[in-house]
Amino acid sequence: MGKGSNVQKAQAARERNQKKQGKSDEERKAAKAKATADASAYCCMLCKQTFMVNAKPPVLYLHVTSKHDAGTDPATCFAILKDFDPNDPKGEKKGSTAGAGPVKPKKSKKKEENLEDLLDAGLSMGKKKKAGKK
């Protein structure tokens, strides 16, 4: 074999070693910055406790009720809890009462066609098998 095979082997070895090393310094710094930002996404204004980005409003409300004095306004701790309703944590009631009055069901027009009309229109009764390779 000629030089080409050694060059290819060296290149393949370099790629393998690069994969083993893992992330570069820039990638590590970016990942660390993202993790830090996610870890402190929500911060309580009173006690400065931080919550991860995936913390839901009911969890934040639980923090307010359990860690702070009774009667503490949840909006003073977390701005996201301004319109939060503890009786409706998922916000299902809020969306339904947003309309001006009860929602009327839509009336659908019923088409009265009998089977003979459908068959006359050219509809087939089943799928046809395609002729293919055997």
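What counts, and where the lines are drawn
Residues numbered from 1 in each chain as written. Predicted model: local features only at pLDDT ≥ 70, side-chain atom pairs only at ≥ 80, totals over all residues. Heavy atoms only, no water. Helix = DSSP H or I, 4+ residues; strand = E, 2+ residues; numbered from the N terminus. Buried < 20%, exposed > 50% of the residue type's maximum accessible area, 1.4 Å probe, protein only. Contact = heavy atoms within 4.5 Å. Areas by Shrake-Rupley, 256 points an atom, 1.4 Å probe, with all protein chains shown as cover. Phe/Tyr/Trp six-rings, centres within 6.5 Å; stacked < 30°, edge-to-face > 60°. Arc of directions from axis to C-beta. pLDDT = per-residue confidence, 0-100.

Regarding the overall build of the protein
Here is step 1: For the protein, the count of helices and strands is six helices and two strands.
Here is step 2: Starting at the N terminus, the α and β elements of the protein follow one another as α-α-β-β-α-α-α-α.
Here is step 3: Out of the 134 residues in the protein, the part that is buried amounts to 10%.
Here is step 4: A separation of at least 24 residues holds for 27% of the contacts in the protein among residues at least 6 apart in sequence.
Here is step 5: Carbon and sulfur atoms form 54% of the exposed surface of the protein, whose accessible area is close to 12,600 Å².

Quick word on the packing of aromatic side chains
Here is step 1: All told, the structure shown has two aromatic pairs when counted by the stated rule.
Here is step 2: On the numbers, 5.6 Å between centres and 75° between planes, the contact of Phe51 with Phe78 is edge-to-face. Of this pair, Phe51 sits in strand S2 (residues 50–51) while Phe78 sits in the loop between helix H4 (74–77) and helix H5 (92–96), and the two are 27 residues apart along the sequence. Neither Phe51 nor Phe78 differs from the other in exposure class; each is buried.
Here is step 3: For the ring pair Tyr61 and Phe84, a centre distance of 5.4 Å and an interplane angle of 45° mean the geometry is tilted. With Tyr61 in helix H3 (residues 57–67) and Phe84 in the loop between H4 and H5, the pair connects residues that are 23 residues apart, well separated along the chain.

Considerations on H3
Here is step 1: Here H3 has its buried residues at Leu60, His63 and Val64. On an axial view of H3, the arc spanned by its buried residues comes to 95°, and they lie on one face.
Here is step 2: As for H3, its buried residues are in contact with strand S1 (42–43), S2 and H4.

As for the confidence of the model for the protein
Here is step 1: Residues with a pLDDT of 70 or more make up 67% of the protein, whose mean pLDDT is 76.
Here is step 2: Ranking the elements of the protein by mean pLDDT puts H5 last with 62 and H3 first with 88.

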